[in-house]
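Each chain is listed here by its residues.
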Amino acid sequence: MDLTAVRTFVAVADSGQFQEAAVVLAVTQQAVSKRIAALEKELGVRLFTRTPRGADLTVDGRTFLPHARELLLAEERATASVRSGRRPLRVDVVGARLAPAALLRGFHEAHGEIALDVVTLFDVDSALTALRSGAVDASFRAVAMPGRPLPRGVEAARVHDEPVQLLTGPGHALAGRRAVAPGELAGHRIWMPGIVEGTEWAAYYAALAAEFGLTIDSSGPNFSGAVQDAVARSGTLATLVGERTGLVWPEGHDLRRIPLLDPVPVYPHFLLWTAANPHPALAVLRDHLAGARPPGPPTGIWVPGWAESVRGVFRP
């Protein structure tokens, strides 16, 4: 299999656009299209559906994506095994627009001399497999879901509590509020099609819904921008987002990000690594995150009980 085509496929999947992937890969858009077409011919399936927004993964594309990432990681490991000098620190940030990516950017700005490889793995099981095999050195996750203890040898530290916010359109009943209590969302329809059963974020939002009597609808495909479009047009629909989640919406949507207070639901981000990992930059990353964490825990927060059970070295 042509790994250049696989790398191009991952770039398009991450960006959602052939043109943006071409910029990232420093090739023409025509070259990107040819590589994707060749890969689709080799696999015998369509990987993308063209839309006015760019390119959406098909069912086969979503199925192939985690395996494509593993192929690229295997290529990197093979290259690193014979490369002279110190290899980059490889860190999984879950998603390029999520809070862990912002935390890692802060680390890079403070320690630009340390080479980084940033990857985005799907769920905690993929992250743990990559950690234990040495494919990645560290991963940002929410861990210790009910019945899912960490494997022996894997260390975890709670490094960032990210407030969860309400996202509404201008016509929503709560759009004019400066803040909303979580309990006030009972009875409102909250649409979050990005929730996938068995993932750590599914466990978090299930606990949040149970605690405050919320109705979270996870039905439907998670097309790029579909939730923001629907929320912008609706007077009854809303969604939940992390405070540091990077969102971009078209002009005229006039979406509102409203803090949740009394208490503040926070998504607990942990850093995971293996105790046997010898990479010298791993300790630098842990020290940076420990120093960047607020000196004391904020008051009036809510996290699931299973998150409180993890007692990492950075946890206050």
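Look up: the structure comes first, before these words.
Residues numbered from 1 in each chain as written. Predicted model: local features only at pLDDT ≥ 70, side-chain atom pairs only at ≥ 80, totals over all residues. Heavy atoms only, no water.

Novice: Pulling in residues and values, what's your account of the environment of valine 284?
Specialist: Secondary-structure assignment places valine 284 in helix α9 (residues 280–292). Here the alpha-carbon distance between valine 284 and histidine 111, two residues 173 residues apart in the chain, equals 8.7 Å. Ignoring sequence-local partners within four residues, the contact set of valine 284 consists of Phe107, His111 and Ile114. (Helix = DSSP H or I, 4+ residues; strand = E, 2+ residues; numbered from the N terminus. Contact = heavy atoms within 4.5 Å.)

Novice: Which residues make up the packing of aromatic side chains, and what values do they have?
Specialist: The description of an aromatic ring pair uses the distance of the two centres, along with the angle that the planes make with each other. Counted by the stated rule, this structure contains eight aromatic pairs. An angle of 70° between the planes, with centres 5.9 Å apart, marks the rings of phenylalanine 18 and phenylalanine 48 as edge-to-face. Of the two residues, phenylalanine 18 is situated in helix α2 (residues 18–25) and phenylalanine 48 in strand β1 (residues 48–51); the sequence distance between them amounts to 30 residues. Across this residue pair, the class does not change: phenylalanine 18 and phenylalanine 48 are buried. Centre to centre, the rings of tyrosine 204 and tryptophan 302 are 5.8 Å apart; their planes meet at 55°, and the pair counts as tilted. Pair noted here: tyrosine 204 is in helix α7 (residues 200–212) and tryptophan 302 is in strand β12 (residues 301–302), with a separation of 98 residues, a long-range link. For the pair shown, tyrosine 204 and tryptophan 302 are each scored as buried. Feature note: the residues Tyr204, Tyr205, Phe212, Tyr267 and Trp302 constitute an aromatic cluster, connected by ring pairs. (Phe/Tyr/Trp six-rings, centres within 6.5 Å; stacked < 30°, edge-to-face > 60°. Buried < 20%, exposed > 50% of the residue type's maximum accessible area, 1.4 Å probe, protein only.)

Novice: For unusual backbone geometry, give the residues involved together with the corresponding values.
Specialist: Cis geometry marks the peptide bond from aspartate 262 to proline 263, where omega comes out at -5°. At aspartate 254, a position not held by glycine, the phi torsion is positive, near 55°. By relative accessible area, aspartate 254 is classed as partly exposed at 40%.

Novice: I'd like to hear about helix α3 (residues 29–43), residue by residue, with values.
Specialist: In an α-helix there are 3.6 residues to a turn, and that puts residues three or four apart on one side. Taking 1.5 Å of rise per residue, 15 residues should cover 21 Å, and α3 covers 21 Å from first to last C-alpha, within 8% of that figure. Among all positions of α3, only Val32, Ile36, Leu39 and Glu40 are buried. Down the axis of α3, the sector holding all buried residues measures 100°, keeping them to one side. In α3, those exposed residues whose orientation departs by more than 90 degrees from the buried face are Gln30, Lys34 and Lys41. Glycine 44, located one to two residues past α3, shows a positive phi value of around 80°. (Expected span 1.5 Å × (residues − 1). Arc of directions from axis to C-beta.)

Novice: Describe the nonpolar core, naming the residues involved and giving the relevant values.
Specialist: With 43 residues, the main nonpolar core has Leu166, Leu185, Tyr204, Tyr205, Leu208, Leu240 and Leu272 as its most contacted residues. Breaking this core down by element, the ones donating at least two residues are α6 (124–133), β6 (154–168), α7, β9 (237–242), β11 (264–274) and α10 (305–308). The dominant element in this core, judged by the number of residues it contributes, is α7, at eight residues. Membership of the second largest hydrophobic core comes to 20 residues, among which are Val6, Ala21, Ala22 and Leu72. (Core = buried A, V, L, I, M, F, W, Y, C linked by side-chain atoms within 4.5 Å.)

Novice: Talk me through the pattern of salt bridges; I want residue IDs and the actual numbers.
Specialist: Scanning the model with the defined rule gives 10 salt bridges in all. One salt bridge connects arginine 141 with glutamate 200, and the closest N-O pair in it is separated by 2.8 Å. A residue pair is termed long-range when its members are at least 10 positions apart, and arginine 141 in strand β5 (residues 138–141) and glutamate 200 in helix α7 qualify at 59 residues. Each member of the pair, arginine 141 together with glutamate 200, is buried. Aspartate 161 serves as the salt-bridge partner of arginine 158, at 2.9 Å between the closest nitrogen and oxygen. By relative accessible area, aspartate 161 is classed as buried at 12%. By sharing partners, the salt bridges in this structure join Asp92, Arg141 and Glu200 into a single network. (Salt bridge = Lys/Arg side-chain N within 4 Å of Asp/Glu carboxyl O.)

Novice: Kindly report on the packing of α2 against α3, identifying the contributing residues and their values.
Specialist: One can describe the packing of α2 onto α3 by two numbers: an axis separation of 8 Å at closest approach and a directional angle of 105°. Relative to α3, α2 is oriented roughly perpendicular. Where α2 abuts α3, its residues Phe18, Gln19, Ala21, Ala22 and Leu25 lie against Gln29, Val32, Ser33, Arg35 and Ile36. Tallied by class, the residues present in the contact of α2 with α3 amount to six nonpolar, three polar and one charged. (Axes fitted to C-alpha atoms, helices over the stretch in contact; angles between N-to-C directions. Parallel < 35°, antiparallel > 145°, perpendicular 65-115°, else oblique. Nonpolar A, V, L, I, M, F, W, Y, C, P; charged D, E, K, R; others polar.)

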